[in-house]
Amino acid sequence: MSQAVIQLLRQKFGAAIVETHAQFGDDTAVVESSKWLEIATFLKNDPACAFEMLSDLSAVDYPERTPRLEVVAHLYSLTKGHRVRIKTRVGDEEGEGAEIDTVVGLWGTANWLERECFDMFGVNFRGHPDLRRILMYPEFQGHPLRKDYPAEKAQPLVAYRTDEEAGMSIDKQAPFGPHEGMSFARNDWTKRAEDAN
Amino acid sequence: MESLDLELDEGHLELPAEPMRLMMGPSHPAMHGTVRCVVDLSGETILNVDVQIGYLHRGFEKMCERGTWAQVFPYVDRLNYVSPMLNNVGYALAVEKMCGIVVPERCQWYRMILGELARMSDHLTCDGAMAMELGAFTPFLWMIKAREMIWDVMEEETGARLTHSFGRIGGMAKPPTKHFKDLALNTARSVVAIVDESEKMLLKNRIFVDRLENVGVISQADAISLGFTGPCLRATGVAYDIRKTQPYLKYDEIDFEVPVGTNGDTLDRFLVRLAEIRQSARIIEQACARMADEGAVSVDDPRVMLPEKTAVYGTIEATIQHFKLVMEGAKVPKGEVYSYTEAGNGELGFYLVSDGSGTPFRVRIRPPSFMNTGGLGHLLKGRMISDVVPIFGSLNMIGGECDH
């Protein structure tokens, strides 16, 4: 990780860098979503940064925050040997209108990673050449990694067989319900949202 | 008898001018792993290809948000199911980085030896399966026999051949067995002997080499841009190995080399894997020499480690500790972390977000196979249909981690 890169970003972009931290030794910068592409381009092309590799791009859903979704990218420089994490926040309370620029033009990896992020969280990447679902099937409704998507919800393409069709009980639920084996610590985000209202 | 081609000059043999669309997969006999390649063909040349993944998507990241931090271990076993130990260690290191825990020295060596054995089995599977898909069945059986030896060691140590769930936050589930070092050393030596033999079988086979050489060539710049890591990147000549560049565990105290290729073709990827098996054997030799025979393998930290079973049944404090750890889970400090290790296929990263409770807020895995498979389309374009099989085999796509 590299503190120098964060300093450089602060100098160059000033107010566009919302906050920075170095928790657990991982240097992080939270940036304005409108400057996402500009900052990414700088990080890739500036000789002092030289992040040739986009290690990872993903998102996190914070249902109690606005903007709700946080897009997280991890960059690595092979020549300099340093890493940095850049994040940006998008979307309203419902996660609608989450949109940022694509970085496919900078790193080839971004193509599939952004498709995955779109699939799982519903973040739209402006200018992506081929933004469609990658892990889920095209008929799938919703974005499974959002906290308010119920984990036990199923969307089968072919309807499940009913008891009548089978002529017997084919209840495959776990004997203690869908949450069997899950600890007390599990968070029920749908319930939390209902309680809050 | 009349010549068969007499009728031919009467009409023109009309070949379709439009490209033909062919679906390879999701279940294709010559491709291991469920993946579908939709290829547009002109004759036998691939004009365009759309790689479709997701057939093994099981919602790994969603499942992790429902249990405790320790309940993630069985899930990471099933990511790369050919080398589950490397995933176990990778995830354990990520959580330990957040908790600020450093495991005892003996455990670090233990993790390294088990991890290198797992790496060997990963590479053996990839190279063996690749040979089999090109018609060389004998080396495949030899290599699978070698892999079985490694899994015997794993079974002896963990009780399970494949899904060990052996890692723990702050250590390992059990200390090494009495004969662990002998087992590991003997296995590593036998595996290298088998690799030598298989290599002779394959690399002196003209057909095998011809089908790999200069097939699926990728340049350094493209490989880096596509996020290739592990043997696929090293085959292009970039010596990026996290064990060397950002050493974790005790890799900085060990003498080993990072094999690199020159050409970035399928043969290089095959050879880099074979060379890495030999390097893994070197690491195991040195680690066995340095691992202590006595001492703790887990940290003595009641916040994360389960107490002794006898204490749980005998004292109220240990019973409460056990109950809290099982029902609520170990509390991990609030924050976010990205931890990365060198797995069989490359950089295996875990991006973890904790809200301070016993349940992970977000577990994001950076699966090396996902990026490698993402480059498949680039490698296939312009090649022949018969090249799909060796190129796909050399990327070692593991459905479990690629599809999350």
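Going by the structure above, here's the rest.
Parameters at a glance
- Residues numbered from 1 in each chain as written.
- Chains lettered and ligands numbered in written order.
- Predicted model: local features only at pLDDT ≥ 70, side-chain atom pairs only at ≥ 80, totals over all residues.
- Heavy atoms only, no water.
- Contact = heavy atoms within 4.5 Å.
- Buried area = accessible area lost by both parts, 1.4 Å probe.
- Salt bridge = Lys/Arg side-chain N within 4 Å of Asp/Glu carboxyl O.
- Axes fitted to C-alpha atoms, helices over the stretch in contact; angles between N-to-C directions.
- Helix = DSSP H or I, 4+ residues; strand = E, 2+ residues; numbered from the N terminus.
- Parallel < 35°, antiparallel > 145°, perpendicular 65-115°, else oblique.
- Left-handed = near helix turned anticlockwise from the far one by under 90°.
- Nonpolar A, V, L, I, M, F, W, Y, C, P; charged D, E, K, R; others polar.
- Patch = residues over 30% accessible without salt bridge, like charges linked within 9 Å, V, L, I, M, F, W, Y side chains within 5 Å.
- Areas by Shrake-Rupley, 256 points an atom, 1.4 Å probe, with all protein chains shown as cover.
- Lys, Arg positive; Asp, Glu negative; His and termini not counted.
- Charge placed at Lys NZ, Arg CZ, Asp CG, Glu CD.
- Buried < 20%, exposed > 50% of the residue type's maximum accessible area, 1.4 Å probe, protein only.
- Pairing = 2+ DSSP bridges.
- 1 Å grid on protein atoms, 1.4 Å probe; cavity = no way out; pocket = protein on both sides within 12 Å on 5 of 7 lines; lining within 4 Å.
- Points joined across faces, edges and corners; volume = space filled by probe spheres on them.

Caption draft 1: Expanded view of the interface of chain A and chain B. Contacts between chain A and chain B engage 53 residues on the former and 53 residues on the latter. In total, chain A and chain B occlude about 4300 Å² of area from one another, counting both sides; carbon and sulfur atoms represent 56% of this. When the buried surface of chain A facing chain B is broken down by residue, Phe24(A), Trp112(A) and Leu135(A) rank first, second and third, together holding 17% of it. On inspection of chain A and its partner chain B, the count reaches eight salt bridges. With a shortest N-O distance of 2.9 Å, Arg132(A) and Asp50(B) are connected by a salt bridge.

Caption draft 2: Structural view of the packing of helix H4 (residues 105-133) of chain B against helix H6 (residues 180-203) of chain B. Residue and element names in this part refer to chain B. Between H4 and H6, the least distance of the axes is 11 Å, while the angle of their chain directions is 20°. Between H4 and H6, the crossing angle belongs to the class labelled roughly parallel. For the pair H4 and H6, the sense of crossing is left-handed. Together, Tyr110, Ile113, Leu114, Leu117, Met120, Leu124 and Ala131 of H4 and Phe180, Ala184, Ala188, Val191, Val195 and Leu202 of H6 make up the contact between the two elements. Each residue belonging to the contact of H4 with H6 can be placed in one class, and the counts come to 13 nonpolar, no polar and no charged.

Caption draft 3: Local environment of a negative patch on the surface. All names here are of chain A. Side chains of Asp92, Glu93, Glu94 and Glu96 sit close together on the surface and give a patch of like negative charge. Counting through the fold element by element, glutamate 96 comes out in the loop between strand S5 (83-90) and strand S6 (99-101). By relative accessible area, which is 52% here, glutamate 96 ends up exposed.

Caption draft 4: Representation of the sheet that holds strand S7 (residues 346-354) of chain B. Residue and element names in this part refer to chain B. The strand order across the open sheet built from three strands is S6-S7-S8, with neighbouring strands paired in antiparallel fashion. Where the open sheet ends on each side, the last strands, each with one partner, are strand S6 (335-343) and strand S8 (360-366). Shown here is a sheet whose adjacent strand axes are inclined to one another by a mean of 15°, direction ignored. Of the strand pairs in this sheet, S6 and S7 are connected by nine bridges, and their pairing is antiparallel. Looking at the pairing, valine 337 lines up with leucine 352 of S7. Where helix H3 (residues 84-99) meets the sheet, its contacts fall on S6 and S7, and the angle it forms with S6 comes to roughly 150°.

Caption draft 5: Looking closely at empty space enclosed by the protein. Residues and elements named next belong to chain B. Evaluation of the coordinates by the stated rule reveals one cavity of 30 Å³ or more. Forming the boundary of the largest cavity are Leu86, Val89, Gly90, Arg111, Met112, Gly115, Tyr248, Leu249, Tyr251, Thr341, Glu342 and Ala343. Elements supplying a minimum of two residues to the lining of the largest cavity: H3, H4 and S6.

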